[in-house]
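Spelled out, the chains give:
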Amino acid sequence: MIKVAVFVSGRGSNLRAIVNYFKLNRQKVSVNLVISNKPDCPAFNFAQENEIQTFVVKSKNTNKSFSWDEILNILKKNEIDLIVLAGFLKKIPNKLVKEFRNRIINIHPALLPSFGGEGMYGMNVHRAVFESSAKVSGATVHFVNEKYDEGKIIAQKCVDISDVNSPEEIAERVLKIEHEILPAVIEKFADNKIQIENNRVILK
Ligand code: GRF
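Residues numbered from 1 in each chain as written. Predicted model: local features only at pLDDT ≥ 70, side-chain atom pairs only at ≥ 80, totals over all residues. Heavy atoms only, no water.

Along the chain, Leu112 connects to Pro113 via a cis peptide bond; the corresponding omega equals 10°. Turning to its location among the elements, Pro113 is positioned in the loop between strand S5 (104-108) and helix H5 (122-132). Positive phi, close to 60°, is recorded for Phe115, a residue that is not glycine. Given a relative accessible area of 25%, Phe115 falls into the partly exposed group. Despite not being glycine, Asn199 shows a phi value in the positive range, around 70°. Mapping Asn199 onto the fold places it in the loop between strand S8 (194-197) and strand S9 (200-203). Judged by its relative accessible area of 56%, Asn199 is exposed. (Helix = DSSP H or I, 4+ residues; strand = E, 2+ residues; numbered from the N terminus. Buried < 20%, exposed > 50% of the residue type's maximum accessible area, 1.4 Å probe, protein only.)

Here it is, written out as structure tokens:
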């Protein structure tokens, strides 16, 4: 069984998808920690309702919060195997990336390497996709490295958006895919079926 920490900042639909997916498969993946920079976000409330241990990472106006060094210690003490960024809006410090190299994954709501980078999150992404007039979009799960959205791609799935009338419609279609591929990648990780060969990520 692997122990997972999920980092969140918002609505928490991906956290929900992960928790629900592994409810039936608890012996494989256990979501042990949820960490947020926003203690009042719906994702954090969901974690608390589901009796998952929560921690707040320090941001300007939160008290009872932890520094990144303290978060690192908490992750180690809880023997976390995998960190999942599911709508987490802060940059992961390099020290943490280094300690958890190839053990931090992020879900991005577009087909990387397009429509990524600093400031490309949430509706900003879908608006940019809409304005580009792209005919497909999708979701990407990738490893997290020191640069925004630049780690190696683990999995992607695309969706036809040729008939959409708004960025919101794109968001809706992409979110459905996110909820499919993120738990699937976590399961692959738990089964040790994600390998790096010739500098490429291979799913076995
Ligand atoms: C998702 O679209 C995810 O791809 C992005 O932020 C959004 C989070 O949504 N990184 P939710 O909080 O999981 O509902």
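Here the focus is the site of the ligand. Residues in close proximity to the ligand include Arg11, Gly12, Ser13, Asn14, Gly87, Ile107, His108, Pro109 and Glu178, which together make up its full environment. Here Ile107 contributes a backbone N or O atom positioned 3.1 Å from a nitrogen atom of the ligand. Burial of the ligand by the surrounding chains reaches 88%, relative to a free accessible area of 370 Å². For the ligand, the cavity whose grid points lie within 2 Å of the majority of its atoms is the largest pocket. Mapped by element, the contributors of at least two residues to the shell around the ligand are helix H1 (13-23) and S5. (Near = heavy atom within 4 Å. Polar contact = N/O pair within 3.5 Å; in protein donor to acceptor, adjacent residues only side chain to side chain. Areas by Shrake-Rupley, 256 points an atom, 1.4 Å probe, with all protein chains shown as cover. 1 Å grid on protein atoms, 1.4 Å probe; cavity = no way out; pocket = protein on both sides within 12 Å on 5 of 7 lines; lining within 4 Å. Sits in = over half its atoms within 2 Å of the grid points.)

Scope: geometric values only; no functional claims are made or implied.
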